[in-house]
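# Structural overview for review
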Amino acid sequence: MGLTLDHTMIRVEDLDESLDWYTTHLGYEEKGRWEAETFTNVFLGPEDVHEDGALLELTYNHDGRTYDMGDAWGHIAVRVEDVTEAYHELMDEGVDDYRPPEENPGYAFVKDPDGHEIEIVERDHGARYSLDHTMLRVEDADAAIGWYARKLGFEPAGRWEADTFANYFMADPDAAQEAMTVELTYNYDGRTYELGDAWGHIAARADDLEATWESLLTREAEDYRDPESCDYNYAFTKDADGHEVEIVTS
């Protein structure tokens, strides 16, 4: 189907604070905005983001609500050439010290103002701080991998097996190397997860919304919010663990 990942949506409690954080520390710029009566969506990314690169969507609801992070969503990951250098640059700028690279050779973590975790990973491709992957925790690795393969046509793009967990990366096989992937994290201890509401969805980009939606239904994807209910602008399904997946047009 050619469903390149388009964006990851997170909910924020103070839009101005979040915009300032992402533009100041990650150098993001505003790529688009949608003002509605009850909420605002702002799309952010590096100035030179690749055409197949994913954006970050900040959703701000105007009613002053707060959010529960849950644990079914893990983090977004952003690319840099040198993790240690980038991490300590962020520390010098006043970003909170969370998980330094000295504890995790090859990667590090910070948090945004709302507590969303951001992994910093070392890559030799993609714009600085462009989205590399979004991590989701899953309760059945076989079911989760099968869902992204059968429903979205994704293929394995890497794996990491550890003593207590495994990470499986899934991606559109036709997308550029600079595209975002999905990281499925499976812990071996049989734990369950709470979705919370601080994370919203990942979105995949389709050329033809209605044709793609029909293909998803043929492949027995959940009919959550169909194109008609969304004024034919987008649609939503859910993966095997309940993470929302939006389908948007190019």
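In short, a report on the structure. Only a predicted model underlies this, so the values are computations on that prediction, with no experimental measurement involved. (Residues numbered from 1 in each chain as written. Predicted model: local features only at pLDDT ≥ 70, side-chain atom pairs only at ≥ 80, totals over all residues. Heavy atoms only, no water.)

### Things to note about the pattern of salt bridges
The tally for this structure, following the rule as stated, stands at twelve salt bridges. Arg159 is paired through a salt bridge with Glu161; the nearest N and O atoms lie 2.4 Å apart. Relative accessible area serves as the criterion here: at 58%, Arg159 is assigned to the exposed category. Salt bridges linked by common partners bring Asp6, Asp52 and Arg205 together as one network. (Salt bridge = Lys/Arg side-chain N within 4 Å of Asp/Glu carboxyl O. Buried < 20%, exposed > 50% of the residue type's maximum accessible area, 1.4 Å probe, protein only.)

### Focus: the pairing of strand 12 (residues 199-206)
Counting buried residues in strand 12 gives eight out of eight residues, a clear majority hidden from the surface. Relative to strand 12, strand 1 (residues 4-11) is paired through six bridges, and the arrangement is antiparallel. Residue pairing across strands places Thr4 opposite Arg205, the latter belonging to strand 12. Here six bridges tie strand 12 to strand 14 (residues 244-249), and the two strands are oriented parallel to one another. Residue pairing in the sheet places Ala206 in a bridge with Thr249 of strand 14. (Helix = DSSP H or I, 4+ residues; strand = E, 2+ residues; numbered from the N terminus. Pairing = 2+ DSSP bridges.)

### Structural notes on the packing of aromatic side chains
With the rule as written, the count across this model stands at eleven aromatic pairs. Ring centres of Tyr22 and Tyr28 lie 6.0 Å apart, and the angle between their planes is 20 degrees; on these two criteria the pair is classed as stacked. Each member of the pair, Tyr22 together with Tyr28, is buried. Each member of the aromatic cluster is reached from another via a ring pair, and the members are Trp21, Tyr22 and Tyr28. Sitting over the face of the ring of Tyr224, Lys238 holds its NZ or CZ atom 4.3 Å from the ring centroid. (Phe/Tyr/Trp six-rings, centres within 6.5 Å; stacked < 30°, edge-to-face > 60°. Lys NZ or Arg CZ within 6 Å of the ring centre and 35° of its normal.)

### A word on a negative patch on the surface
Residues Asp68, Asp71, Glu139, Asp140, Asp142, Glu194 and Asp197 make up a contiguous surface patch of negative charge. Inspection of the secondary structure puts Asp140 in the loop between strand 8 (131-138) and helix 3 (141-152). (Patch = residues over 30% accessible without salt bridge, like charges linked within 9 Å, V, L, I, M, F, W, Y side chains within 5 Å. Areas by Shrake-Rupley, 256 points an atom, 1.4 Å probe, with all protein chains shown as cover. Lys, Arg positive; Asp, Glu negative; His and termini not counted. Charge placed at Lys NZ, Arg CZ, Asp CG, Glu CD.)

### A short note on the sheet that holds strand 13 (residues 234-238)
Read from one edge to the other, the open sheet built from seven strands follows the order 2-3-4-1-12-14-13, with strand pairing classed as mixed. Of all strands in the sheet, those with a lone pairing partner are strand 2 (29-35) and strand 13, marking the two edges. Geometrically, the sheet is characterised by an average inter-axis angle of 25 degrees between neighbouring strands, direction not taken into account. In the sheet, strand 2 pairs with strand 3 (residues 39-45) via six bridges, with the strands oriented antiparallel. By the bridge assignment, Arg33 is partnered in strand 3 with Val42. Set on the sheet, helix 3 makes contact with strand 12, strand 13 and strand 14; between it and strand 14 the angle comes to about 20 degrees. On top of the sheet, helix 4 (residues 209-218) reaches strand 12, strand 13 and strand 14; it is set at about 20 degrees to strand 13, its chief contact. (Axes fitted to C-alpha atoms, helices over the stretch in contact; angles between N-to-C directions. Contact = heavy atoms within 4.5 Å.)

### Some details on the side chain of Glu117
Tracing the backbone shows Glu117 in strand 7 (residues 117-122). Among buried charged residues, Glu117 stands out as having no salt bridge; its nearest opposite-charge side chain is Lys111, 4.9 Å away. Apart from the residues lying within four places of it in its own chain, the contact partners of Glu117 are Gly74, His75, Ile76, Tyr98, Phe109, Val110, Lys111 and Trp199.

Just distances and angles here, no functional claims.
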